[in-house]
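Coordinates in review
Residue-level listing of the chains:
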Amino acid sequence: MLILLPPSEGKTPADKGPSIDWEALSFPQLNPYRAKVLDALGTVSAHEDALALLGVGASLRDDVERNTRLHAEPAAPAHQVYSGVLYDALGYNSMTPTQRRKATDSIMVVSALWGAIGFGDHVPAYRLSMGTALPDVGRLASYWKPQLAAALAQRAEGELVVDCRSSTYAAAWAPPAAQTVTVNVFNEANGKRTVVSHFAKHTRGELARHLLTRRGKAPATPAQLLKAASELWTAELVEGTDRKPHALNIILAG
């Protein structure tokens, strides 16, 4: 089982420690492309209009300023750096050692800066969205798409891919449709179903935690994933096609 997560918007900087070890990152073949994005991000972040160029508000000025020195910033495991609603619901720190090892083995984060990293990879905190366009790089989802297709094919081979990413990050890499299940969250009240947006992050984090902490084998097929999700929620599976992944719909009472 491979669980795909988006990065959090907010990130927790490491207080101390060594800077990033590029060769220790998962998928080291992506390093030249990571370096190009990092350099472009540093240049943009030093610009007087950096906040506007990166599409962030004044409250994030310190985060943007940190972007200019990421080569030297202390790095920490991705499961410590990424925070927010989804990662709080995932609750890595409250897992047992065995469950943590399973999370590290099973989770991959698709990132605007790094392309894709493992959950235990050490990275510095940064501020960059996949929807951003950088000079000499362009729109990041388009930039990463061919690189991730080549780098991640082997990692996904033979795995059930549980895709908990938002559409912005899903645009950077499409795993093989037949073995991929996207996760949607709906509210249902008085027979009417509505899409959940912000709270969907929380539910996706809860789903990832459930898959990593429940007893028994990890689901290996879409049908087994539906069975696992149905242990906690009302859920349904929408069958995919040769080109469109399956969809797991989790239904919350409105």
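A short tour of the structure in this document, coming up. Source: prediction; values computed, not measured. (Residues numbered from 1 in each chain as written. Predicted model: local features only at pLDDT ≥ 70, side-chain atom pairs only at ≥ 80, totals over all residues. Heavy atoms only, no water.)

1. Notes on the pairing of strand β9 (residues 180-189)
- Bridge count between strand β8 (residues 161-163) and β9: three bridges; the pairing is parallel. Of the residues in β9, the one forming a bridge with Val161 is Thr180.
- In this sheet, strand β12 (residues 246-253) lies alongside β9 in parallel orientation, the contact comprising eight bridges. Each bridged residue has a counterpart across the sheet, and for Phe186 the counterpart in β12 is Ile251.
- Of the strand pairs in this sheet, β9 and strand β10 (residues 192-195) are connected by four bridges, and their pairing is antiparallel. Bridged to Glu188 within β10 is Arg193.
- What sits between the antiparallel neighbours β9 and β10 is a turn of two residues, in which Asn190 has the positive phi angle 55°. (Pairing = 2+ DSSP bridges. Helix = DSSP H or I, 4+ residues; strand = E, 2+ residues; numbered from the N terminus.)

2. Some remarks on the packing of aromatic side chains
- Within the structure shown, the criterion is met by eight aromatic pairs.
- Ring centres 5.8 Å apart and planes at 65° place the aromatic pair Trp22 and Trp114 in the edge-to-face group. Residue Trp22 is located in the loop between β1 (2-5) and α1 (31-45), and its partner Trp114 is located in the loop between β3 (107-111) and β4 (115-118); the two are separated by 92 residues in the primary sequence.
- Look at Trp114 and you get buried, because its relative accessible area is 1%.
- Ring centres of Tyr143 and Trp144 lie 5.2 Å apart, and the angle between their planes is 80°; this geometry places the pair in the edge-to-face category. (Phe/Tyr/Trp six-rings, centres within 6.5 Å; stacked < 30°, edge-to-face > 60°. Buried < 20%, exposed > 50% of the residue type's maximum accessible area, 1.4 Å probe, protein only.)

3. Here's the deal with the packing of helix α6 (residues 97-106) against helix α9 (residues 198-213)
- Running from N to C, α6 and α9 point in directions that differ by 120°, and their axes come no closer than 9 Å. In this structure, the crossing between α6 and α9 has a hand that is right-handed. When α6 is examined against α9, the residues Gln99, Lys102, Ala103 and Ser106 are found in contact with a partner set consisting of Leu211, Leu212 and Thr213.
- Classifying every residue of the contact of α6 with α9 by side-chain character gives three nonpolar, three polar and one charged. (Axes fitted to C-alpha atoms, helices over the stretch in contact; angles between N-to-C directions. Left-handed = near helix turned anticlockwise from the far one by under 90°. Contact = heavy atoms within 4.5 Å. Nonpolar A, V, L, I, M, F, W, Y, C, P; charged D, E, K, R; others polar.)

4. Digging into the packing of α1 against helix α7 (residues 140-156)
- Between α1 and α7, the shortest axis-to-axis distance is 11 Å and the interhelical angle comes to 170°. Here α1 lies roughly antiparallel to α7, going by the angle between them. Considering the relative orientation of α1 and α7, their crossing is right-handed. Along its contact with α1, which presents Tyr33, Arg34, Lys36 and Val37, the element α7 presents Leu140, Tyr143, Trp144 and Gln147.
- Considered class by class, the residues forming the contact of α1 with α7 number five nonpolar, one polar and two charged. (Parallel < 35°, antiparallel > 145°, perpendicular 65-115°, else oblique.)

5. Quick look at helix α10 (residues 222-229)
- The set of residues buried in α10 consists of Pro222, Leu225, Ala228 and Ala229. Burial along α10 is one-sided: seen end-on, the buried residues are contained in an arc of 115°. Facing away from the buried surface of α10 by more than 90 degrees, the exposed residues are Ala223 and Lys227.
- Where α10 is buried, its residues contact β8, β9, α9, β11 (234-238) and β12. (Arc of directions from axis to C-beta.)

6. Remarks on the nonpolar core
- Trp114, Leu128, Leu134 and Val162 are the most contacted members of the largest nonpolar core, which has 82 residues in total.
- The dominant element in this core, judged by the number of residues it contributes, is α7, at eight residues.
- For Trp114, the contacting residues outside a window of four places in its chain are Ile20, Trp22, Leu25, Leu30, Arg34, Tyr82, Val123, Pro124, Tyr126 and Trp144. (Core = buried A, V, L, I, M, F, W, Y, C linked by side-chain atoms within 4.5 Å.)

7. Some details on the pairing of β4
- In terms of strand pairing, β3 meets β4 through four bridges, oriented antiparallel. Each bridged residue has a counterpart across the sheet, and for Val110 the counterpart in β4 is Ala116.
- In textbook terms, the turn of a hairpin is the stretch between consecutive antiparallel strands, and for β3 and β4 this stretch comprises three residues.

8. What to know about α9
- End to end, α9 covers 24 Å across 16 residues, agreeing with the expected 22 Å (1.5 Å per residue, within 8%).
- Buried within α9 are the following residues: Ala200, Thr203, Arg204, Gly205, Leu207, Ala208, His210, Leu211 and Leu212. (Expected span 1.5 Å × (residues − 1).)

9. What to know about the side chain of Asn31
- Summarising the element assignment, Asn31 is placed in helix α1.
- A relative accessible area of 9% means that Asn31 is categorised as buried.
- A distance of 3.1 Å separates a polar side-chain atom of Asn31 from the backbone oxygen of Trp22.
- When near neighbours in sequence (up to four residues on either side) are disregarded, Asn31 contacts Trp22, Glu23 and Leu25. (Polar contact = N/O pair within 3.5 Å; in protein donor to acceptor, adjacent residues only side chain to side chain.)

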